[in-house]
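Each chain is listed here by its residues.
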Amino acid sequence: FREIEDVILGELDFEREAASAAEIAAHLGPGVGVPLVVPERSSRRVLTTDYVDGIKAGDTDALDAAGVDRRALAERILDTYGRMIFRDGLYHADPHPGNLLVRPDPAQPGGFELVFLDFGAVARLTPPMRQGLAEMVAGTIRRDAARVTGALTTMGFIPEVGATAAQATVLEFVEHVHARVLQGLDPDALRLGDLTLDTMLAQ
């Protein structure tokens, strides 16, 4: 209950949201933006930004009609999140399609700007969490169970008390997941869509 209360109250603090949006915006790369806050019309209880007219990132028909390169859009979204999580340690934590708009650029065929909306939910990662996440992703893709277990230790998910026994248990579990889920998948062509319940049960 206390966690839910903190999240809700945090999302209703619009001064905090405006500050989060500005901090994230300062680190975004080219072709990615956020709505500008109008400070004289904003407060802790009111947030006013400029209006962004765009296409929801999940509206593939509208994207195609506007000539937006969907592969380039997906790459930009992944690249932006990678930078926010692994480099900056502060990321937009509510990435549903309604919060990601695409503004086609009529001057450039296939060109567009990706715009992030709603910074009420953001998350901040400590350096050990960023390092651990990067190691976990690399270890998972390369099916290196020891590397994944080390990453979980770095992030603090394996308790210090009885660490050796806990690491052995986690290592066994990770090896099992690798064998059941990732066996037969090409790590260089791995797609999230490949990881289905049917894939797991078939092994």
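Check the entry above for the structure.
Residues numbered from 1 in each chain as written. Predicted model: local features only at pLDDT ≥ 70, side-chain atom pairs only at ≥ 80, totals over all residues. Heavy atoms only, no water.

Caption draft 1: Quick look at the sheet that holds strand E2 (residues 55–56). Strands sit in the order E1-E5-E4-E2 across an open sheet of 4 strands; the sheet is mixed. Two strands lie at the open edges of the sheet, namely strand E1 (32–33) and E2, each paired on one side alone. Where E2 lies against strand E4 (residues 100–104), 2 bridges are found, and the strand directions are antiparallel. Pairing of Lys56 across the sheet is with Leu101, part of E4. The strands touched by helix H4 (residues 70–88) are E1, E4 and strand E5 (112–116); relative to E5, the strand with the most contacts, the crossing angle is about 45°. (Pairing = 2+ DSSP bridges. Helix = DSSP H or I, 4+ residues; strand = E, 2+ residues; numbered from the N terminus. Contact = heavy atoms within 4.5 Å. Axes fitted to C-alpha atoms, helices over the stretch in contact; angles between N-to-C directions.)

Caption draft 2: Expanded view of the packing of aromatic side chains. Considering all chains together, one arrives at 1 aromatic pair under this definition. Taking the ring centre of Phe112 as reference, the NZ or CZ of Arg76 above it sits at 3.9 Å. (Phe/Tyr/Trp six-rings, centres within 6.5 Å; stacked < 30°, edge-to-face > 60°. Lys NZ or Arg CZ within 6 Å of the ring centre and 35° of its normal.)

Caption draft 3: The arrangement of the pattern of salt bridges in detail. Scanning the model with the defined rule gives 8 salt bridges in all. Its salt-bridge partner being Arg87, residue Asp88 comes within 2.7 Å of it at the nearest N-O pair. Assessed through its relative accessible area of 23%, Asp88 is described here as partly exposed. Residue classification places Arg87 among the partly exposed positions, given a relative accessible area of 40%. Residue Glu135 pairs with Arg147 through a salt bridge whose shortest N-O separation is 2.9 Å. Of this pair, Glu135 sits in helix H5 (residues 127–141) while Arg147 sits in helix H6 (residues 145–154), placing them 12 residues apart in sequence. (Salt bridge = Lys/Arg side-chain N within 4 Å of Asp/Glu carboxyl O. Buried < 20%, exposed > 50% of the residue type's maximum accessible area, 1.4 Å probe, protein only.)

Caption draft 4: Highlighting the pairing of E5. For E5, the tally of buried residues reaches 4 of 5 residues, placing the bulk of the element in the interior. Note that E1 and E5 share 2 bridges and pair parallel. Bridge pairing in E5 links Gly33 to Val115.

Caption draft 5: Local environment of the packing of H4 against H5. Relative to each other, H4 and H5 sit at 125°, their axes nearing to 8 Å. The angle between H4 and H5 places the two elements in the oblique class. Contacts between H4 and H5 pair Ile85, Phe86, Arg87 and Asp88 from the former with Arg130, Leu133, Ala134 and Val137 from the latter. Here the contact of H4 with H5 is built from residues that sort into 5 nonpolar, no polar and 3 charged. (Parallel < 35°, antiparallel > 145°, perpendicular 65-115°, else oblique. Nonpolar A, V, L, I, M, F, W, Y, C, P; charged D, E, K, R; others polar.)

None of this, on its own, says anything about what the molecule does.
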